[in-house]
Amino acid sequence: MLRTLRRPALALAASALLLTTACGGGTESGPGAGAYDGLDVIVGFYPLQFVAESVGVGDVAVTNMTQPGAEAHDLELTPRQMAALGEADLVVHIKGFQPALDEAIVQAKPKNVLDVATVVDMHEINPDGSHAHEHTDEHADDEHAEPTTPTPAETHHAGDGHDHGDFDPHVWLDPTNMVKIAEATATALGQARPDEAAKFTANAASLTSELTTLDESFVAGLKTCERTEFVTSHAAFGYLADRYHLTEIGIRGLSPEAEPSPARVAEVQRLAREHGITTVFYETTVSPAVAEAIAGDLRLKTDVLDPLEGLSPEARGDNYLEVMNANLTALKAANGCS
Ligand SMILES: [Zn+2]
C-alpha cells in the first residue's frame, strides 16, 4: 500500500519545495493557498492514476478514489471524497464503470472532467451481458494472421446484473487505448495549466513510446501459440482479446463479484476440455475459490491474470507496464506460445 501512496506524496513535496523557493510569497487565492500549487487531479481507479502521474509528473497531485486493493467496480464515495471532487482541477473517469463516481461528478461539477469513454472506441455489451467483439477496419493493418471468429457459445456467460451501462468499460487492458487516454489527459492538463501544456504533450509522447513497446511485445509474444482461448475470473479482457485475436472465456461476466451459476461453471469446464486449456486465471482482488474449483476438477493449473482495476500489494509489478508484461508472460505460458 505504501508503494502506491509514496510516489504522489513525494512529487507533491518536491513541487511544493520548488514553488516555495522560486515564488517566495506565492498566491493567496483559492483553498489551500500557500500550500502545494500543482494541479489536483482525481481519478476513478488505478490505470487512470498511472497515466495522470506519468503525463503530469512534477505538476500534479493525483488522488485515486479507489483504495489500494479495493474493488473498483463497487466504488462508494465518502463525504470527504465528494467534497474533494468539487475542488479538483481535473477529474478523469470512465463513464459507466463506477456509477457512484459518475453521479458524484454530476453533483460536484468539477472545473474539468475527462470521460475516457469519449476518447476511446468503446465496445458494446451483448444482450447477454458479454463483450461484443468488434472486427472493424482498425485491425486491417495489423500484422496478425487471420482473425479468429469467436462463436457465441465461447463468449457467452450468464447474465450477472452488471452495472456498466451499455459498453464494456475495461478499455485500459488494450495498450493502444492507453495511448489515447494519455493524449487526452495531456490535452486536459494543458487546458487546466496552459503554461505547462508543451511539457504534458512531451510526457504523453514518452509514455506512448513505452505503451507502443508493450503492444509490440504482446503482438510478437502471442503470435504463435498452441491455442487462443483463455479462461478468466471475470470477463475483463475483452479489449485485450480483440486486440490480439484471442478468445476470452470468462467464468463471471463483466462484473467480478457475481457468483457464476452451476450451469456456467459446467460450460467453462466443457470449453476448457474442448480447447485444451492448461490454466484457469484468477485475479488478486477476487477470491480464487471458483477458479480453483474449476481447475481442480480438470487437474489444471491456476495463475494470476491481473485486470489492473487496482494495483494491489500482491501485484506482479510496480506499475501498469510491469503488470501488463507479467500478464503477457502468464498468457504465453498458459497458451503454449513459442
Ligand atoms: Zn472489471
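Now for a look at the structure at hand. Not measured: the values here are computed from a predicted model.

### A look at the nonpolar core
At step 1: Counting 62 residues, the largest nonpolar core has Val41 and Tyr320 as its most contacted members.
At step 2: Within the residue set of this core, elements represented by two or more residues are strand S1 (39–43), helix H2 (46–55), strand S2 (60–64), strand S3 (90–93), helix H6 (175–192), helix H7 (197–221), helix H8 (238–243) and helix H11 (320–335).
At step 3: In this structure Val41 touches Ala52, Val60, Ala61, Val62, Thr63, Leu90, Val92 and Leu189, once residues within four positions along its chain are discounted.
At step 4: Core analysis: the second largest hydrophobic core is formed by 13 residues, Val268, Val290, Ala291 and Ala295 among them.

### What to know about the coordination of the zinc ion
At step 1: In this structure, His73 (NE2), His170 (NE2), His234 (NE2) and Glu309 (OE) serve as the protein donors to the zinc ion, at separations of 1.9 to 2.2 Å.
At step 2: The site at the zinc ion holds four donor atoms, and with the angles between them running 98 to 122°, its shape is tetrahedral.
At step 3: For the zinc ion, the single-chain donor residues occur in sequence as H-x96-H-x63-H-x74-E. Note that His73 is positioned in the loop between S2 and helix H3 (79–87) and Glu309 in the loop between strand S8 (301–304) and H11, a separation of 236 residues in sequence.
At step 4: Since its relative accessible area comes to 4%, Glu309 is described here as buried.

### Things to note about the packing of H7 against H11
At step 1: In contact at an axis separation of 10 Å, H7 and H11 are set at 0° when each is read in the N-to-C sense. Taken together, the axis directions place H7 and H11 in an arrangement best described as roughly parallel. In this structure, H7 contributes Glu210, Leu211, Leu214, Ser217, Phe218 and Gly221 to the contact, and H11 contributes Tyr320, Leu321, Met324, Asn325, Leu328, Leu331 and Lys332.
At step 2: A class-by-class count of the residues in the contact of H7 with H11 yields eight nonpolar, three polar and two charged.

### Structural notes on empty space enclosed by the protein
At step 1: Throughout the structure, instances matching the rule amount to three cavities of 30 Å³ or more.
At step 2: Of the pockets and cavities examined, the second largest cavity occupies roughly 60 Å³.
At step 3: Ala70, Glu71, Glu283, Thr284, Thr285, Asp306, Pro307, Leu308, Glu309 and Gly310 are the residues that line the second largest cavity.
At step 4: The residue inventory of the lining of the second largest cavity, partitioned by class, reads three nonpolar, three polar and four charged.

### Some remarks on the environment of Ser209
At step 1: When you line up the elements, Ser209 lands in helix H7.
At step 2: Taking the C-alpha atoms as reference, Ser209 lies 8.8 Å from Val179; in sequence the two are 30 residues apart.

### Details of the pairing of strand S7 (residues 279–282)
At step 1: Here S7 pairs with S8 via four bridges, running parallel. Bridging across to S8, Val280 finds its partner in Thr302.
At step 2: In the classification by handedness, the crossover that spans S7, the intervening helix H10 (residues 289–298) and the parallel S8 is right-handed.

### Some points on the side chain of His73
At step 1: The exposure class assigned to His73 is buried, which follows from its relative accessible area of 2%.
At step 2: A polar side-chain atom of His73 sits 3.4 Å from a polar atom in the side chain of His170.
At step 3: A polar contact is formed between the side chain of His73 and the side chain of His234, at a distance of 3.5 Å.

### Some thoughts on unusual backbone geometry
At step 1: Of note in this structure, Lys109 is not a glycine but carries a positive phi near 50°.
At step 2: Considering the arrangement of structural elements, one finds Lys109 in the loop between helix H4 (99–108) and strand S4 (113–115).
At step 3: One non-glycine residue, Leu308, lies in the positive phi region at around 60°.
At step 4: On the secondary structure map, Leu308 appears in the loop between S8 and H11.

### Regarding the environment of Asp297
At step 1: Tracing the backbone shows Asp297 in helix H10.
At step 2: Through-space distance from the C-alpha of Asp297 to that of Gln269 is 8.5 Å; in sequence the pair is 28 residues apart.
At step 3: A polar contact is formed between the side chain of Asp297 and the side chain of Gln269, at a distance of 3.3 Å.

### Things to note about the side chain of Gln81
At step 1: Relative to the helices and strands, Gln81 is located in helix H3.
At step 2: Polar side-chain contacts of Gln81 include one of 3.1 Å to the backbone oxygen of Met65.

### What to know about the sheet that holds S4
At step 1: One open sheet accounts for four strands, arranged S2-S1-S3-S4; its pairing is parallel. Looking at strand neighbours, the two that pair on one side only are S2 and S4, the edges of this open sheet. With strand direction ignored, the average angle separating the axes of adjacent strands in the sheet is 20°.
At step 2: Sheet topology places S3 next to S4; three bridges connect them, and they run parallel. Counterpart to Val92 in the pairing with S4 is Leu114.

Reading the values: the criteria
Residues numbered from 1 in each chain as written. Predicted model: local features only at pLDDT ≥ 70, side-chain atom pairs only at ≥ 80, totals over all residues. Heavy atoms only, no water. Core = buried A, V, L, I, M, F, W, Y, C linked by side-chain atoms within 4.5 Å. Buried < 20%, exposed > 50% of the residue type's maximum accessible area, 1.4 Å probe, protein only. Helix = DSSP H or I, 4+ residues; strand = E, 2+ residues; numbered from the N terminus. Contact = heavy atoms within 4.5 Å. Donors = N, O, S within 2.8 Å, 3.2 Å for Na, K, Ca; no water. Tetrahedral: all angles 85-135°; square planar, octahedral: opposite > 155°, others 65-115°. Axes fitted to C-alpha atoms, helices over the stretch in contact; angles between N-to-C directions. Parallel < 35°, antiparallel > 145°, perpendicular 65-115°, else oblique. Nonpolar A, V, L, I, M, F, W, Y, C, P; charged D, E, K, R; others polar. 1 Å grid on protein atoms, 1.4 Å probe; cavity = no way out; pocket = protein on both sides within 12 Å on 5 of 7 lines; lining within 4 Å. Points joined across faces, edges and corners; volume = space filled by probe spheres on them. Pairing = 2+ DSSP bridges. Right-handed = clockwise from strand over helix to strand, strands pointing away. Polar contact = N/O pair within 3.5 Å; in protein donor to acceptor, adjacent residues only side chain to side chain.

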